Amino acid sequence: MRIEFELDARSIAVEIDPGESLMTLLRRIGAVSVKDGCARGDCGSCAVRLDGRAVTSCLLFAAQADGRRVQTAAGLADATGGLHPLQRALVDAGGVQCGYCTPGVLMAAMDLLDHDPDPGEQQVRTALAGNLCRCTGYVKIIEGVREAAALLREAEHG
Amino acid sequence: MPTIAHYHRPPDLDTAWQLLRDAGGSARLLAGGSDLVLRCPPEVDTLIDLSAAGLAGVTRRADGSLTIGAMTTFSDLLAAPAATDHLGGLLHDVLADFGSVLHRNQATVGGHVARARMSDLIPGLLAADAEVVVRTEDTRTRPLADHLAAPPGAHVLTELHLPAPPGPAAGAFTRFSRSAFDHALLNVAVVVHLDAGVVHTARVVIGETGVLGRRLPDAEAALTGKPPTPSAIDAAARAVVAGLDPRQDALASADYRRHLAGVGTRRCLQQVVARLGEVA
């Protein structure tokens, strides 16, 4: 079957197998910031935003994205490759080590910051509970997300 | 990967039902999808995606009852004060640690109930005396307990209905598991209605004992007709331990599950009493 959807502000029209997952499709068409970690919804490394909400793309059929808006970590940077404040803050805080979990963490954190511009530590921990990281021990990721929230609030209010 | 030949996204409930009926056993309804992607039975070649059929939303009626559309995600349910305030916070207890945000953003209430396996929500719904609305050739409403016990047959679960309590009432839920994401070893959901300071109705539900959720009549009787005092709570907890026949598996012995059931019942009832104090 053929589906059309928006991927990081680009229009995509693609032939899919109705049984394949959204993660499989995204990686097949080159969106490889979406990581194939556990493929069973446990690790969060395949997280994308579907109409704004962060979800594990391995647990969605690709067909469910038809007509919808999909955002990946690769769409966060600006046109010249300049990092998004959340990416910058995560790097500066030391919240990126091997990097495998990072795209999923970014998507879950973006979902959080959309709903809560000033999250406390517990809110960040709750929001990232579905994203496994085996390097950082999470503390630096949490600090990075809270720093990003401060940067984004500053940008918003000048 | 499931072998799917046909994928439909019907624009309304009538079309969804007709597609399901006409496909016979080869079709499955698709709600959030998180379970079906991993566990689609091999005989299934048709998916009927309910996301455009208008089945999402949470409504509190003027009489205090609550209607939850089957396609409501757990995130949207958790964000709806009408749902999380109902019975003093019973559904908040269930949902606050329900999977991760990533799961809650996708999984739906109707998909979860229809899946009818290991569940923290179903005991909570049973304690809340929930009814389900089911579309087949006609539309019928039946208690969730009857629905779960009914023989399988093609149907679309369209909404859940939680009746308004007849007076001051509160519920509570707790679960025991090795980690937050593990299936519960056992869970407990309790709802108590008061009438003039005396327990009018009590529902005590234990989940994961081999069935999805089982009411404990002796524990409910130990509470009914008396004020919810510490000694009544203690009697109810002991009745749960005595009345339960839990499963035994690699994770926990039956004795340990019985112990957990008593502890959970006591905790839930203490929470209910605290919440009833806020209601009164």
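As the structure is a prediction and not an experimental result, all values here were calculated from the model.

Rules and cut-offs
Residues numbered from 1 in each chain as written. Chains lettered and ligands numbered in written order. Predicted model: local features only at pLDDT ≥ 70, side-chain atom pairs only at ≥ 80, totals over all residues. Buried ≥ 20, exposed ≤ 12 C-beta atoms within 10 Å, placed from the backbone. Helix = DSSP H or I, 4+ residues; strand = E, 2+ residues; numbered from the N terminus. Arc of directions from axis to C-beta. Pairing = 2+ DSSP bridges. Axes fitted to C-alpha atoms, helices over the stretch in contact; angles between N-to-C directions. Domains from an automatic or database assignment. Contact = placed C-beta atoms within 7 Å. Nonpolar A, V, L, I, M, F, W, Y, C, P; charged D, E, K, R; others polar.

**Some remarks on helix H2 (residues 85-92) of chain A**
Residues and elements named next belong to chain A.
In step 1: Buried residues of H2: Leu86, Gln87, Ala89 and Leu90, and no others. For H2, the buried positions fall inside an angular range of 165° around the axis, keeping them on one side.
In step 2: Positive backbone phi, approximately 80°, marks glycine 94, located one or two places after H2.

**Section: the sheet that holds strand S3 (residues 47-50) of chain A**
Residue and element names in this part refer to chain A.
In step 1: The sheet built from 5 strands is open, its strands ordered S2-S1-S5-S3-S4 with mixed pairing. The sheet is open, and its two borders are formed by strand S2 (10-15) and strand S4 (53-56), each paired with just one other strand. The average angle at which neighbouring strand axes cross in this sheet is 40°, direction not considered.
In step 2: Both S3 and strand S5 (residues 69-71) contribute to a ladder of 2 bridges, which runs antiparallel. Among the inter-strand pairings, leucine 50 is bridged to a residue of S5, identified as valine 70.

**Overview of the domain arrangement of chain A**
A common way to report how large an interface is uses the accessible area buried once the components associate.
Residues and elements named next belong to chain A.
In step 1: Taken domain by domain, chain A consists of domain 1 (2-75) and domain 2 (85-157).
In step 2: Between the C-alpha centres of domain 1 and domain 2 the distance comes to 21 Å.
In step 3: Facing the 15 residues of domain 1 at the interface are 13 residues of domain 2.
In step 4: Put simply, the parts of the chain that give the side of domain 1 that touches domain 2 at least two residues each are S3 and S4.
In step 5: Broken down by element, the residue count for the side of domain 1 that touches domain 2 peaks at 3 residues, all from S3.
In step 6: When grouped by side-chain class, the residues that make up the side of domain 1 that touches domain 2 number 7 nonpolar, 5 polar and 3 charged.

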